[in-house]
Amino acid sequence: MSNKNLSGLIPLDSWGFGNGNPFIIAGPCGVESEKQITELAHKLKGKTINLLRGGIWKPRTRPDSFQGIGEEGLLWLKAAGLENGLPVIVEVAHPRHVEQALSVGIDCLWIGARTTVNPFLVQEIASALKGVDIPVFVKNPINPELELWIGALERFYNSGIRKLGAIHRGFSSYEKSKYRNVPNWQIPIELKRRFPELPVLCDPSHIGGSRELVGSLSQTAMDLSFEGLMVEVHPDPSKALSDKDQQLLPSDFLAMIGSLLVRKKSVDDVIFLNLLEELRDRIDRIDEEILQFMAERMSIAREIGQYKKENNMTILQVERWNEILRTRQFSGLQKDLTRDFIIQLFEKIHDESIFHQTQVMNSSETQKEKH
Ligand code: PEP
Ligand code: MN
C-alpha cells in the first residue's frame, strides 16, 4: 500500500454529506448544553451545511478553561443533527474518544491542532480506526511544519482511511499579528500541490480569532481554491464558554456564506485563455529577469566579500543593513508593495548575500591566492 501521494482518496462529494461548493462545516466551538446545540441545529437546518460541528472534549491551553462538556454532549449533538438532517463531526484527541464517538454514531471525526503535533497519539487514534469506515479531517499542527501535518495524514491513510481531508487553521507565532494563528498560506498551498486528491478546508475562525476577520479569511480561502470551510457558529456568542470572540451568530454566518464569491477553477473561453497565457508569458519573462538580477547582485556581493576579506572586515555591517531596509521600504511602499513583503524579500536577499560572502571569506583558494 503506497502512501507516497495519498492516492485513491475518495472525493469529498462522495463522502455522503452532500456536495458542497464550498463544503461547509459549521457549529459551536464547544457543545455546552442540549438547548444550545438543538437551537443552533434548528437554525442551520436546510441551509447548505454539510456537517454540524461541536467540540465535546476541548484541549485547552490553560487548565482552568472550559474543557468541554464530555460524553453526554455526544448524544445531544447526534440527536440535534438527526432531528435537523445534519450529519455531525467531533474532535477526537484520544482512542477513548474514538470509541465513545463511534458508539453513538458520530458521522465524521477531526483531529485538532494540539493532537496533530503528537505522532504517538495520532498513531494510537489512527490504529483505533483500522477497519472503520469513517471520514477524518486532520487539522494542521500548531507549529508551521508541513511534514508533521503530512505525517499525521499518512498515519490515517495507512490505517485504511480513504475519506481523508485536511483543515488549515493557521499556526502559532510568537510575533504580534492581527491573527490569532497566522495563516502562512504557502503551507496549505504546498500541501495541495503535493497531494492534489486531498480535500483541504480552511478554518477562518481559529486563524482570525475575531468575528471581524472570518468573512475576509473565508473569501481568501475560496480564492485560493480551498474546497470548503469550518466555521464556528454559536446561538449566543457573547455567552460562549470558549472562543467567544470568534464565533458568529447564525444569521451573520448565513449572510457571510451567502456573500462569498466562489470563482471557477478553470474556464474554456478561448479569448480569455489566450489573454491569460500572454500575461503568464510576461510573468515568466519577469521572473527570469529577477533571477538574472539576483545572480548579478550575488556576484557583486562575492566581490565585496573578497574586499572585506582582504581588509579583515566583518561581513555584517549593521548600519548598511539598516540603510538598505529603510530605503527599500521607502521605495517599495511607493510602488504599492506591502511592508511585510519588502522586509521579507530583503531579509531573504540579505541572507543569500551573506551566504555568498561567507563562502568567499572562508574559501581556501582565495586564501591561497592572497599568500
Ligand atoms: C476547535 O476547532 O475548536 C479547536 C480546538 O481547534 P484547533 O485544534 O484548530 O485549535
Ligand atoms: Mn474553538
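Conventions adopted
Residues numbered from 1 in each chain as written. Chains lettered and ligands numbered in written order. Predicted model: local features only at pLDDT ≥ 70, side-chain atom pairs only at ≥ 80, totals over all residues. Heavy atoms only, no water. Helix = DSSP H or I, 4+ residues; strand = E, 2+ residues; numbered from the N terminus. Buried < 20%, exposed > 50% of the residue type's maximum accessible area, 1.4 Å probe, protein only. Areas by Shrake-Rupley, 256 points an atom, 1.4 Å probe, with all protein chains shown as cover. Lys, Arg positive; Asp, Glu negative; His and termini not counted. Charge placed at Lys NZ, Arg CZ, Asp CG, Glu CD. Donors = N, O, S within 2.8 Å, 3.2 Å for Na, K, Ca; no water. Phe/Tyr/Trp six-rings, centres within 6.5 Å; stacked < 30°, edge-to-face > 60°. 1 Å grid on protein atoms, 1.4 Å probe; cavity = no way out; pocket = protein on both sides within 12 Å on 5 of 7 lines; lining within 4 Å. Points joined across faces, edges and corners; volume = space filled by probe spheres on them. Nonpolar A, V, L, I, M, F, W, Y, C, P; charged D, E, K, R; others polar. Domains from an automatic or database assignment. Pairing = 2+ DSSP bridges. Axes fitted to C-alpha atoms, helices over the stretch in contact; angles between N-to-C directions. Right-handed = clockwise from strand over helix to strand, strands pointing away. Arc of directions from axis to C-beta. Contact = heavy atoms within 4.5 Å.

Asker: Can you explain the overall build of the protein? Please cite residues and give values.
Answerer: Of regular secondary structure, the protein possesses 14 helices and 8 strands. Along the first, second and third principal axes, the C-alpha atoms of the protein reach 85 × 50 × 45 Å. For the protein, with 371 residues in total, the buried portion stands at 46%. Summing over all exposed atoms, the protein offers an accessible surface of approximately 20100 Å²; the carbon and sulfur share of this is 53%. Where the 45 positive side-chain charges of the protein centre and where its 49 negative ones centre are 3 Å apart.

Asker: Can you lay out the coordination of the manganese ion (ligand 2) for me, pointing to particular residues and giving the numbers?
Answerer: All of the protein donors around the manganese ion (ligand 2) are C29 (SG), H206 (NE2), E232 (OE) and D243 (OD); their distances to the metal are 2.1 to 2.4 Å. Here the donor residues of the manganese ion (ligand 2) are spaced in sequence according to C-x176-H-x25-E-x10-D. A residue pair is termed long-range when its members are at least 10 positions apart, and E232 in strand β8 (residues 228-232) and D243 in the loop between β8 and α10 (250-259) qualify at 11 residues. Summarising the burial analysis for this pair, E232 and D243 share the class buried.

Asker: Report on the packing of aromatic side chains, specifying residues and quantitative values.
Answerer: Summed over all chains, the structure comprises 3 aromatic pairs. With a centroid separation of 5.0 Å and 45° between ring planes, the pair formed by W15 and F137 is classed as tilted. Residue W15 is located in the segment before β1 (23-27), and its partner F137 is located in strand β5 (residues 136-139); the two are separated by 122 residues in the primary sequence. Here W15 matches F137 in class, with each residue buried. Ring geometry for W185 versus F226: centroids 5.7 Å apart, planes at 75°, classification edge-to-face.

Asker: An account of the layout of surface pockets is needed here, citing residue identities and associated values.
Answerer: Here the largest pocket is characterised by a volume of approximately 850 Å³. In this structure, the largest pocket is lined by 17 residues; those nearest its centre are N184, W185, D340, F341 and Q344. The greatest single-element share of the lining of the largest pocket, amounting to 6 residues, is contributed by helix α13 (residues 339-362). Along the lines of polarity and charge, the residues of the lining of the largest pocket split into 5 nonpolar, 6 polar and 6 charged. Taken together, domain 1 (12-259) and domain 2 (270-370) each give at least three residues to the lining of the largest pocket, which thus spans both. Of the volumes computed, that of the second largest pocket is approximately 350 Å³. Around the second largest pocket sit 17 residues that line it, and I304, R320, I324, S353 and Q357 are the ones nearest its centre. Looking at the lining of the second largest pocket residue by residue, the class counts come to 10 nonpolar, 4 polar and 3 charged.

Asker: Describe in detail the sheet that holds β5, supporting the description with residues and values.
Answerer: The strand order around the closed barrel built from 8 strands is β1-β2-β3-β4-β5-β6-β7-β8, with neighbouring strands paired in parallel fashion. Neighbour-to-neighbour, the strand axes of this sheet turn through a mean angle of 25°, independent of strand direction. Here strand β3 (residues 88-91) runs beside strand β4 (residues 108-111); their pairing, made up of 3 bridges, is parallel. Residue pairing across strands places I89 opposite C108, the latter belonging to β4.

Asker: Describe the pairing of strand β6 (residues 164-168), and please don't skip the residues or the numbers.
Answerer: Counting buried positions along β6 yields 5 of 5 residues, so the element is predominantly enclosed. A two-sided burial pattern is seen for β6, the buried positions comprising L164, A166 and H168 on one face and G165 and I167 on the other. Across 4 bridges, β5 lies against β6 in parallel orientation. Residue pairing across strands places F137 opposite G165, the latter belonging to β6. Handedness of the crossover joining β5 and β6 through helix α6 (residues 146-158): right-handed. Pairing analysis gives 3 bridges linking β6 to strand β7 (residues 200-202), with the strands arranged parallel. Among the inter-strand pairings, I167 is bridged to a residue of β7, identified as L201. In terms of handedness, the path from β6 via helix α7 (residues 186-194) over to β7 forms a crossover that is right-handed.

Asker: Tell me what's going on with helix α1 (residues 34-44), and back it up with residues and numbers.
Answerer: Because each turn of an α-helix spans 3.6 residues, side chains separated by three or four positions in sequence point in the same direction. Among the residues of α1, those classed as buried are Q36, I37, L40, A41 and L44. An end-on view of α1 places all buried positions within 120° of arc, on one side of the element. Residues K35 and H42 are exposed on α1 and point more than 90 degrees away from its buried face. For α1, the secondary structure elements touched by its buried residues are β1, β2 (51-53), α2 (72-83) and α10.

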